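Per-entry structural report
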Amino acid sequence: MSYDHPIEVIENDVLVVSVVDSDGNYFMWQKGLTEEVGSEDGIYFEFDDQINGSHDQVSECTVTNDGIHVLLSNGKLEHFYFPPKFDKFKELRAGLNKIYAEHGGIIEFSI
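Keep in mind it's a predicted model, so treat the numbers as computed, not measured.

What follows is about the packing of aromatic side chains. Scanning the entire structure with this criterion turns up 11 aromatic pairs. With a centroid separation of 5.1 Å and an interplanar angle of 45 degrees, the aromatic rings of tryptophan 29 and phenylalanine 45 are classed as tilted. Note that tryptophan 29 is positioned in strand E3 (residues 26–32) and phenylalanine 45 in strand E4 (residues 44–47), a separation of 16 residues in sequence. Residues phenylalanine 86 and phenylalanine 89 carry aromatic rings whose centres are separated by 5.1 Å and whose planes lie at 80 degrees to one another, so their mutual orientation is edge-to-face. Owing to a relative accessible area of 23%, phenylalanine 89 belongs among the partly exposed residues under this scheme. By the ring-pair criterion, three or more aromatic residues cluster together here, those being Tyr3, Phe27, Trp29, Phe45, Phe47, Phe80, Phe82, Phe86 and Phe89. Lying across the ring of phenylalanine 109, arginine 93 places its NZ or CZ 4.4 Å from the centre.

As structure tokens, then:
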């Protein structure tokens, strides 16, 4: 069985890119696409719980074959490891490229 969680969703002019594992761990990025929904607010990133969410807190993000490694602006590292049979690399790349379209140098793919 392949990975079936949607990677990219656009709803009410908000782009959401997320990955989740079977234990409920997740990484989620959110970006408003119009001024009415906060396009000027920056990129919201959240992991594992809303308490870990904030705007513009990702300094570096590297996607590898085994997972996603994020350096936060406070210097902490966070990791998300892909679940077995993860097969959505193209969708993830496309979604993250949309999220970081105006922010060169933050996202790197080492797949």
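Once you've had a look at it, read on.
Here we come to the pairing of strand E2 (residues 14–20). In terms of burial, E2 is largely enclosed, as 5 of its 7 residues are buried. Alignment of strand E1 (residues 8–11) against E2, held across 4 bridges, turns out to be antiparallel. Bridging from a neighbouring strand, glutamate 8 pairs with valine 17 of E2. Here E1 folds back onto E2, and the loop between the two strands holds 2 residues, one of which, asparagine 12, carries a positive phi near 55 degrees. As defined by bridge partners, E2 adjoins E3 across 7 bridges and the pair is classed as antiparallel. Its bridge partner lying in E3, valine 16 is registered against glutamine 30. Hairpin remark: E2 followed by E3, antiparallel, with 5 residues in the connecting loop; positive phi at glycine 24, about 90 degrees.

This part is about the nonpolar core. Among the nonpolar cores identified, the biggest contains 26 residues, and Trp29, Ile68 and Leu92 are the most heavily contacted of them. Secondary structure elements with two or more residues in this core: E2, E3, E4, strand E6 (58–64), strand E7 (67–72), helix H1 (89–99) and strand E9 (107–110). Aside from chain neighbours lying at most four places away, what touches leucine 92 is Ile7, Val17, Val19, Val63, Ile68, Phe82 and Phe86.

Calculation notes
- All chains use their own residue numbering, which begins from 1 and follows the written sequence.
- In keeping with the predicted nature of the model, local features appear solely for residues at pLDDT of at least 70, side-chain atom pairs appear and are counted solely at 80 or more, and the whole-chain, interface and lining totals rest on all residues.
- Side-chain measures were taken over the full set of non-hydrogen atoms in the model, leaving aside hydrogen atoms and water.
- Put simply, two rings from Phe, Tyr or Trp (the six-membered ring, in Trp's case) pair if the centres are within 6.5 Å, and we call them stacked under 30 degrees between planes, edge-to-face over 60, tilted for the rest.
- Where helices and strands are cited, they refer to DSSP runs of H or I of at least four residues and of E of at least two residues respectively, numbered from the N terminus.
- Between buried and exposed lies partly exposed: a residue is buried under 20% and exposed over 50% of the maximum accessible area for its type, with that area taken using a 1.4 Å probe on protein chains only.
- Put simply, a charge is over a ring when the Lys NZ or the Arg CZ is close to the ring centre, within 6 Å, and near the line of the ring normal, within 35 degrees.
- At least two bridges found by DSSP between two strands are what make those strands a pair.
- Nonpolar core, defined: a set of buried Ala, Val, Leu, Ile, Met, Phe, Trp, Tyr and Cys residues in which side-chain atoms within 4.5 Å join the residues together.
- Residues are treated as being in contact if the distance between any of their heavy atoms lies within 4.5 Å.

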